[in-house]
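As a plain string of letters, each chain reads:
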Amino acid sequence: MKPHNLPVPEVVELVYRVVGNTHVFSSRGIHGLVHVGSCDRKTAYLGVVEGINLHVSEAYGTEARYKCEYSYDQFSQHVDHDSGVLSNFLTMKLDQNAFA
């Protein structure tokens, strides 16, 4: 169901965590929830990018494309080398040029 009079979010935050042997990404700040997990971190990362694009397009009734602030390799390196709390978050921004 499309949220009434709500614009497509410019930014979607993702929370990353490991649950047992599963790499999990969960969305924050959008209508509905995207929750993607896989035993392979790269598969989960790629799946959540695809899932956010599909979910927002359907939930808001207009095609949307988001880009992660980090490539998978950058994100993976950051998570592997930084045990701080900030390594558990990833930001996706609406790609204004996707349909230009």
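Residues numbered from 1 in each chain as written. Predicted model: local features only at pLDDT ≥ 70, side-chain atom pairs only at ≥ 80, totals over all residues. Heavy atoms only, no water.

1. What about the nonpolar core?
Moving on, step 1. Of all hydrophobic cores here, the largest spans 25 residues; its most connected members are L14, F25, Y45, I52, V56 and Y66.
Moving on, step 2. Mapped onto this core, the elements with two or more residues apiece are β1 (11-19), α1 (41-60), β4 (66-68), α2 (72-81) and β5 (89-94).
Moving on, step 3. Broken down by element, this core gets its largest block of residues, eight residues, from α1.
Moving on, step 4. With sequence-adjacent residues up to four places away left out, Y45 is seen in contact with F25, C68, Y70, S71, Y72, F75 and L90. (Core = buried A, V, L, I, M, F, W, Y, C linked by side-chain atoms within 4.5 Å. Buried < 20%, exposed > 50% of the residue type's maximum accessible area, 1.4 Å probe, protein only. Helix = DSSP H or I, 4+ residues; strand = E, 2+ residues; numbered from the N terminus. Contact = heavy atoms within 4.5 Å.)

2. Some remarks on α1
Moving on, step 1. The end-to-end C-alpha separation of α1 is 28 Å, in line with the 28 Å expected for 20 residues at 1.5 Å each.
Moving on, step 2. Residues of α1 that are buried make contact with β1, β2 (22-28), β3 (35-38), β4, α2 and β5.
Moving on, step 3. Of the residues flanking the end of α1, it is G61, one or two places downstream, whose phi is positive at about 75°. (Expected span 1.5 Å × (residues − 1).)

3. Re the side chain of S57
Moving on, step 1. Tracing the chain through its elements places S57 in helix α1.
Moving on, step 2. Of note is the side chain of S57, whose polar atom sits 2.8 Å from the backbone oxygen of N53.
Moving on, step 3. A polar side-chain atom of S57 sits 2.8 Å from the main-chain amide nitrogen of A64.
Moving on, step 4. In this structure, S57 is in contact with T62, E63 and A64, ignoring residues within four places of it in sequence. (Polar contact = N/O pair within 3.5 Å; in protein donor to acceptor, adjacent residues only side chain to side chain.)

4. Brief notes about the pairing of β2
Moving on, step 1. Most of β2 sits inside the fold, with five of its seven residues counted as buried.
Moving on, step 2. With seven bridges joining them, β1 and β2 adopt antiparallel strand pairing. Directly across from R17, in β2, lies its bridge partner V24.
Moving on, step 3. Linking β1 back to β2 in an antiparallel pair, the connection comprises two residues, with G20 at a positive phi of about 65°.
Moving on, step 4. Pairing geometry for β2 and β3, over four bridges, is antiparallel. (Pairing = 2+ DSSP bridges.)

5. Description of the packing of α1 against α2
Moving on, step 1. Remark: α1 packs on α2, axes separated minimally by 11 Å, with the N-to-C direction vectors making an angle of 125°. Regarding the angle of α1 to α2, the classification is oblique. Crossing of α1 over α2 shows right-handed handedness. Side by side, α1 and α2 meet where R41, K42 and Y45 of the first sit next to Y72, F75, S76, V79 and D80 of the second.
Moving on, step 2. Residue composition of the contact of α1 with α2, grouped by class: four nonpolar, one polar and three charged. (Axes fitted to C-alpha atoms, helices over the stretch in contact; angles between N-to-C directions. Parallel < 35°, antiparallel > 145°, perpendicular 65-115°, else oblique. Left-handed = near helix turned anticlockwise from the far one by under 90°. Nonpolar A, V, L, I, M, F, W, Y, C, P; charged D, E, K, R; others polar.)

6. Concerning the confidence of the model for the protein chain
Moving on, step 1. Scored by pLDDT, the protein chain has a mean of 86; 87% of the residues are at 70 or more.
Moving on, step 2. Confidence scores differ between elements of the protein chain, with α2 showing the lowest mean pLDDT of 86 and β3 the highest of 95. (pLDDT = per-residue confidence, 0-100.)

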